Amino acid sequence: PLRRRHAAADGGAGPADPRLRPVSGRGAYDMVHYGHSNQLRQARAMGDYLIVGVHTDEEIAKHKGPPVFTQEERYKMVQAIKWVDEIAPGAPYVTTLETLDKYNCDFCVHGDDITLTIDGKDTYEEVKTAGRYRECKRTQGVSTTDLVGRMLLMTKAHHSNIDEDLDYRKHTDNFGKGPKGHSPWTGVSQFLQTSQKIIQFASGKEPQPGDTIIYVAGAFDLFHIGHVDFLEKVHQLAERPYIIAGLHFDQEVNRYKGKNYPIMNIHERTLSVLACRYVSEVVIGAPYAVTADLLDHFKVTLVCHGMTEVVPDKDGSDPYEEPKRRGIFQLVDSGSNLTTDLIVQRIIKNRLEFEARNQKKEAKELAVLEAMKRLEEEKH
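Keep in mind the model is a prediction, meaning the values are calculated, not measured. (Residues numbered from 1 in each chain as written. Predicted model: local features only at pLDDT ≥ 70, side-chain atom pairs only at ≥ 80, totals over all residues. Heavy atoms only, no water.)

Okay, the overall build of the protein chain next. Of regular secondary structure, the protein chain possesses 15 helices and 10 strands. Going through the 380 residues of the protein chain one by one, you find that 50% of them count as buried. Intrachain contacts of the protein chain at a sequence separation of at least 6 include 78% that bridge at least 24 residues. For the protein chain, the exposed surface amounts to about 18600 Å²; the carbon and sulfur share of it is 52%. (Helix = DSSP H or I, 4+ residues; strand = E, 2+ residues; numbered from the N terminus. Buried < 20%, exposed > 50% of the residue type's maximum accessible area, 1.4 Å probe, protein only. Contact = heavy atoms within 4.5 Å. Areas by Shrake-Rupley, 256 points an atom, 1.4 Å probe, with all protein chains shown as cover.)

Moving on, we come to unusual backbone geometry. Here the amide bond leading from Tyr261 into Pro262 is cis, since omega sits at -5 degrees, within 30 degrees of zero. Structurally, Pro262 is set in the loop between helix H10 (250-257) and helix H11 (266-274). Positive phi, close to 50 degrees, is recorded for Leu222, a residue that is not glycine. Relative to the helices and strands, Leu222 resides in the loop between strand E6 (212-218) and helix H9 (225-235).

The element strand E7 (residues 241-247) is extensively covered by neighbouring structure, given that 7 of its 7 residues are classed as buried. In E7, alternate side chains face the same way, and those of Pro241, Ile243, Ala245 and Leu247 on one face and Tyr242, Ile244 and Gly246 on the other are all buried. For the handedness criterion, the β-α-β arrangement of E6, H9 and E7 is classed as right-handed. Judged from the 4 bridges that link them, E7 and strand E8 (residues 281-284) form a sheet pairing that is parallel. Bridging from a neighbouring strand, Leu247 pairs with Ile284 of E8. (Right-handed = clockwise from strand over helix to strand, strands pointing away. Pairing = 2+ DSSP bridges.)

Moving on to the confidence of the model for the protein chain. Per-residue confidence for the protein chain gives a mean pLDDT of 82; residues scoring 70 or more make up 82%. Counting interchain partners and residues more than four positions distant, the pLDDT-below-50 stretch residues 184-189 has 26 contacts. (pLDDT = per-residue confidence, 0-100.)

We now examine empty space enclosed by the protein. According to the stated counting rule, one finds 3 cavities of 30 Å³ or more in the structure shown. Forming the boundary of the largest cavity are 15 residues, of which Met31, Val32, Phe69, Phe223 and His224 lie nearest the centre. When residues of the lining of the largest cavity are traced back to their parent elements, those giving at least two are helix H3 (71-79) and helix H6 (144-152). Ranked by the residues each element gives to the lining of the largest cavity, the list is headed by H3, at 3 residues. Residues belonging to the lining of the largest cavity are distributed by class as follows: 12 nonpolar, 1 polar and 2 charged. (1 Å grid on protein atoms, 1.4 Å probe; cavity = no way out; pocket = protein on both sides within 12 Å on 5 of 7 lines; lining within 4 Å. Points joined across faces, edges and corners; volume = space filled by probe spheres on them. Nonpolar A, V, L, I, M, F, W, Y, C, P; charged D, E, K, R; others polar.)

Take the packing of H6 against helix H14 (residues 340-349) next. Close contact between H6 and H14 brings their axes to 10 Å; oriented N to C, the two are set at 95 degrees. The angle between H6 and H14 falls in the class roughly perpendicular. Within the contact between the two elements, H6 uses Val148, Met151 and Leu152 and H14 uses Ile343, Val344, Ile347 and Ile348. The residue inventory of the contact of H6 with H14, partitioned by class, reads 7 nonpolar, no polar and no charged. (Axes fitted to C-alpha atoms, helices over the stretch in contact; angles between N-to-C directions. Parallel < 35°, antiparallel > 145°, perpendicular 65-115°, else oblique.)

This part is about the packing of aromatic side chains. For the structure on display, the rule yields 5 aromatic pairs. Judged by centre distance (6.4 Å) and plane angle (35 degrees), the rings of Phe220 and Phe223 are tilted. Classification of Phe223 by relative accessible area gives buried; the value is 7%. Pairing Tyr256 with Tyr288 gives two aromatic rings, centres 5.2 Å apart and planes at 35 degrees, and the pair type is tilted. Of this pair, Tyr256 sits in helix H10 while Tyr288 sits in the loop between E8 and helix H12 (292-297), and the two are 32 residues apart along the sequence. Under the relative-accessibility criterion, Tyr288 is labelled buried at 11%. Of note, Arg255 hangs over the ring of Tyr288, and the distance from its end group to the ring centre comes to 4.8 Å. Across from the ring centre of Phe329, 5.1 Å away, lies the NZ or CZ of Lys324, which sits over that ring. (Phe/Tyr/Trp six-rings, centres within 6.5 Å; stacked < 30°, edge-to-face > 60°. Lys NZ or Arg CZ within 6 Å of the ring centre and 35° of its normal.)

This is how it looks when you write it as structure tokens:
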């Protein structure tokens, strides 16, 4: 049986309740996506209290290459995921028993992909040997590498659909591949949405009497810290907020955003928003104009929009005309100037570093696969 520990040391605030079984996860959590959220959801289900260790910028740069988001942005982003009870800032890249004890954790959890140090060693060796390691399934069809690849395409001239498809195929053939082969962990694959996945992510809670039902709409593309800041501010507008996020279909987003936006399709954006602790419900494929029918159906008492530009509807009308007429429309300043465009610009700026990082990571993973294969062959 795993030993129980409830006394936190060195400022590690573990749960005080001795019945709780604390669990630890750790990672870079750079460009947090629904794959990370799904890993944390699975980790939380293995115990009673989830503490997530997040690395510093310096630590990530040393082992993986320069992060897109600062450590402060990453800390806030992870804290916004609804299955996370606490974060451990500045967690070491190599998970040790000392770290688990410091945060009063019974075991740590990681996805079923390899994580290696700069010199190619398994970062979980010590905790695996001690029997304090658990594994959860990696989410099929998404990786940070794939998202970076999709964004880097935006640096190219605008293509027609056929050219764009060919270009994407050609790009994915090269991106995340080493010279010798293809790593199953870093390569590009396609996400397949299922009703089960939505059920796992959804809160399942209906609005209760006395709740303030607030509606927000948008693309929520590459769900990021700017979105989190906005939703947090909206959440603070009421004592008992019930926030419904309306997500526009891909074609609608492309109409008002242009280029090859959205980076994430409607299925991916749905999971990203559902994972946020401030959101209670998501409308998948919400109409661009906030209609009387929509407001009446959900019994909406407040409609909020951030400080970003509101593009007119196809017919030139204001999509917020109805909530404004009812006097329930409110602009909310998130205090953040981070947009999907700015993230893409950050990535383009680091384009060569990203390409180099992914090639290196791939080569490292392939070397480990080769070694594992050789060990298997030697056994037989």
